[in-house]
Structure formats: structure tokens, C-alpha cells
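The lines below spell out each chain.
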Amino acid sequence: MDVFQAIKSRRTTNGHFLNKPLSDAHIKMLLEAASYAPSHFNSQPWRFVLIRDKARRERLGKIAGRSMREVMAKGDFWKRYLKYFRFSKEETEKTGDGIHIDNMPAVLKPFVKYLFSEKGGEMMNKLRVPYILAIDSKKLVANSPLILGVLLTKEEYKKNEHSGLYSLLSLGMAIENIWLTATALGIGVQFISLPMEAGGAYWQECIDMIQPPDDFELIALFRFGYIDPNAKRPTIDWSSAQRKPVSEFCYEETFGNKWIPKE
Ligand SMILES: Cc1cc2nc3c(=O)[nH]c(=O)nc-3n(C[C@H](O)[C@H](O)[C@H](O)COP(=O)(O)O)c2cc1C
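Residues numbered from 1 in each chain as written. Predicted model: local features only at pLDDT ≥ 70, side-chain atom pairs only at ≥ 80, totals over all residues. Heavy atoms only, no water.

**Concerning the overall build of the protein**
For step 1, the next point in the chain: Summing up its helical and strand segments, the protein has 11 helices and seven strands in all.
For step 2, the next point in the chain: Whereas a compact globule of 263 residues would reach a radius of gyration of roughly 18 Å, the protein reaches 20 Å, a difference of no more than 12%.
For step 3, the next point in the chain: On the principal axes, the C-alpha backbone points of the protein span a range of 55 × 55 × 40 Å.
For step 4, the next point in the chain: Within the protein, counting contacts between residues at least 6 apart in sequence, those at least 24 apart form 78% of the total.
For step 5, the next point in the chain: Of the roughly 15,300 Å² of accessible surface on the protein, a fraction of 55% belongs to carbon and sulfur atoms.
For step 6, the next point in the chain: Side chains of the protein give 38 positive and 31 negative charges; the mean places of these two sets differ by 6 Å. (Helix = DSSP H or I, 4+ residues; strand = E, 2+ residues; numbered from the N terminus. Rg over C-alpha atoms; globule rule 2.2 N^0.38 Å. Contact = heavy atoms within 4.5 Å. Areas by Shrake-Rupley, 256 points an atom, 1.4 Å probe, with all protein chains shown as cover. Lys, Arg positive; Asp, Glu negative; His and termini not counted. Charge placed at Lys NZ, Arg CZ, Asp CG, Glu CD.)

Take a look at the structure:
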């Protein structure tokens, strides 16, 4: 696959993957791709932990489900990210960013704009939205053939030092390399952020499962699997393929002076 084609077709996979383990050869390709990412002084500050054992994936599924329910029921998550929610194709075309909530049970549809609003939290809980999301999340994580723990060395990942920024940038590039390689191999990827968003005991449980030594920090979890073209969408789901045009986010010489590329 051509690089630009892989970049443009890379997507987050929100639904279930094929019930088929990833081959070691493919996992090795993903991780080799990570290792070729740039890093400050070629420090390669990342480490990865593969979680494939069924019982452990199920345990992570439970953590993902419970953390999803707690975070969504509390309501501050919605408020914090509300500005990114879109409810129609026209809105996504107009803004070129955000996520379009484009799949949900018919009973929720008439309330959608109200549900995802500053005041919608109570109604959201009455209609059991956090519960619906939690059930899906638990199954999606537990049934993913591979969960990847991504870590950074604390020797470089020091939050108030330049190396902290450098190591995070390096890791971002490594993850993108993994994601693009996955795209070329027909492997889907999704970030699992709810245990981290919930924090506290939820995130600690993930750390305890991975058992990093004191000088490594767990930064993120991702789930992987072969893409199932016939997968049913999650009960409440979104899509976000739209992008802003270059002229809207790139400036010439000074910030704000739009760069309009010659066609
Ligand atoms: C730092 C970061 C955190 C994200 N958190 C989540 C998440 O918790 N759940 C999820 O499904 N997607 C998550 N995403 C995926 C984004 O929502 C997604 O990349 C964006 O909407 C663009 O869609 P695309 O990846 O399909 O192009 C995250 C992405 C990044 C880079």
C-alpha cells in the first residue's frame, strides 16, 4: 500500500474484530514499524506489552466497562468534550472536525441533541446510556485478540523537562507507524482511554496487570484485531473521517496568514 493511501485510509475501528488471533509475523511487523520511528538521540524510549491471554483480556474488558460506566454517569466527560460532538453530516462538513454520533437505538434518536448537551446528563442516566456504552466497551475489549500496553521510560519521560515532550512526541510517531502498518495489513486499532480517564483504581489495575518496573510508566492501551467488514456497529457509535482543508490550519510566515496552496 502506498504511504499516502495508508495515511488517508487509516481509521479508528469502533466495532468488533474478526475472532482470529493476530499472527506473530504481523505483530512483529507492527512493532518493527514502531522501532523505525524517530526519537530524540535515537533513544527509543518506548516499550510495549502484548496482552493476548483470554482471561487477562476479559479482565481488561471488565475494567474498560466499569470505567466507561462511571465516567459517563458522572457527566463531566460529556461537558469537557461536548464541543467535539456533531449530530449531522452537515455539521461535520461545516466544521471538518469532531465526531459524528451517527448510530444509536431508535428510542434515543429524538433526544440526541438534548442528551449530548450541558443539561443532558440526568436524562442520559435515566435512559441508561452509560450502561449501554459500558456493555459494548466490555465486550469490545475482551474480544479483541490483542491489547497493547504502551510505556515510556521515566528516565526520559519527565513531565517538566524537554525530554518529557521529546519522548511523548517520539511515542506518538511510533504509534502512528504501528497504526499505518496495521492499516496496510487489514488490522484495526482503537485507543482504550476510559480506564485512564477514570483514573484511580481503574488505571492502577491496568498498571498492576502489566507490572512495569519503577522506571517505566504505562502511557496508553490500544486494542487490535483483523478488521471484520461485516461487523455490527456498537449500539451507540460515531464516525469521524472528515478533515479540515489545509488552508484552514496552515499559515504562511506568521500565524493567522492563511496559506492557500496553488492547485
Ligand atoms: C490521544 C487520543 C485519544 C483517543 N481516545 C479515544 C478513545 O478513548 N476511544 C476511541 O474510540 N477513540 C479514541 N481516539 C481516536 C479518535 O477519536 C480518532 O482518532 C478521531 O476521531 C479521528 O478518527 P479516525 O482515527 O478514525 O481518523 C483517540 C485518539 C487519540 C490520538
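Moving on from the coordinates now.
**Some thoughts on the site of the ligand**
For step 1, the next point in the chain: Around the ligand, the neighbouring residues are Arg10, Arg11, Thr12, Ile99, Gln190, Phe191, Ser193, Trp238, Ser240 and Arg243.
For step 2, the next point in the chain: One nitrogen or oxygen atom from the side chain of Arg243 is found 2.7 Å from an oxygen atom belonging to the ligand.
For step 3, the next point in the chain: Relative to its unbound accessible surface of 610 Å², the ligand loses 63% to contact with the protein.
For step 4, the next point in the chain: Residues belonging to the shell around the ligand are distributed by class as follows: three nonpolar, four polar and three charged. (Near = heavy atom within 4 Å. Polar contact = N/O pair within 3.5 Å; in protein donor to acceptor, adjacent residues only side chain to side chain. Nonpolar A, V, L, I, M, F, W, Y, C, P; charged D, E, K, R; others polar.)

**Some words on the environment of Asp97**
For step 1, the next point in the chain: Assignment of secondary structure puts Asp97 in the loop between helix 5 (89-95) and strand 3 (99-103).
For step 2, the next point in the chain: When the C-alpha atoms of Asp97 and Leu146 are compared, they prove to be 29 Å apart, with 49 residues separating the residues in sequence.
For step 3, the next point in the chain: Beyond its immediate chain neighbours, meaning those up to four positions away, Asp97 contacts Arg86, Thr92, Gln242 and Lys244.
For step 4, the next point in the chain: Side chain to side chain, Asp97 and Arg86 meet in a polar contact 2.6 Å long.

**Re the packing of aromatic side chains**
For step 1, the next point in the chain: For the structure shown, the criterion picks out nine aromatic pairs.
For step 2, the next point in the chain: Here Trp78 and Phe116 contribute two aromatic rings whose centre-to-centre distance is 5.1 Å and whose plane-to-plane angle is 85 degrees, an arrangement assigned as edge-to-face. You can see Trp78 sitting in helix 4 (residues 76-81) and its partner Phe116 sitting in the loop between helix 6 (112-115) and helix 7 (121-126), a full 38 residues away along the chain. Phe116 matches Trp78 in its accessibility class, with the two residues each being buried.
For step 3, the next point in the chain: When the ring of Phe87 is compared with that of Phe116, the centres are 5.8 Å apart and the planes differ by 45 degrees; the resulting orientation is tilted. Linking Phe87 in the loop between strand 2 (85-86) and helix 5 with Phe116 in the loop between helix 6 and helix 7, this pair joins segments that are 29 residues apart in sequence.
For step 4, the next point in the chain: Among the aromatic residues, those joined into a ring-pair cluster are Phe77, Trp78, Tyr81, Phe85, Phe87 and Phe116.
For step 5, the next point in the chain: Geometry around Trp179 places Arg10 over its ring, the cationic atom sitting 4.7 Å from the centre.
For step 6, the next point in the chain: Taking NZ or CZ as reference, Arg128 lies 4.2 Å from the ring centre of Tyr131, over its face. (Phe/Tyr/Trp six-rings, centres within 6.5 Å; stacked < 30°, edge-to-face > 60°. Buried < 20%, exposed > 50% of the residue type's maximum accessible area, 1.4 Å probe, protein only. Lys NZ or Arg CZ within 6 Å of the ring centre and 35° of its normal.)

**Focus on the side chain of Ser144**
For step 1, the next point in the chain: Within the secondary structure, Ser144 is located in the loop between helix 8 (129-142) and strand 4 (146-153).
For step 2, the next point in the chain: Within the structure, Ser144 has its side chain in polar contact with the backbone oxygen of Leu140 (distance 2.6 Å).
For step 3, the next point in the chain: Excluding its chain neighbours within four sequence positions, the residues that come into contact with Ser144 are Phe17, Arg57, Arg223 and Phe224.

**Regarding the packing of helix 3 (residues 54-74) against helix 11 (residues 200-210)**
For step 1, the next point in the chain: It is the contact of helix 3 with helix 11, at a shortest axis distance of 10 Å, that shows an interaxial angle of 165 degrees. Overall, the two elements helix 3 and helix 11 adopt an arrangement that is roughly antiparallel. Helix-helix and strand crossings are classified by hand; for helix 3 and helix 11 the assignment is left-handed. On helix 11, the residues touching Arg56, Arg59, Leu60, Ile63, Arg66, Ser67 and Glu70 of helix 3 are Tyr202, Glu205, Cys206 and Met209.
For step 2, the next point in the chain: For the contact of helix 3 with helix 11, the class distribution of residues is five nonpolar, one polar and five charged. (Axes fitted to C-alpha atoms, helices over the stretch in contact; angles between N-to-C directions. Parallel < 35°, antiparallel > 145°, perpendicular 65-115°, else oblique. Left-handed = near helix turned anticlockwise from the far one by under 90°.)

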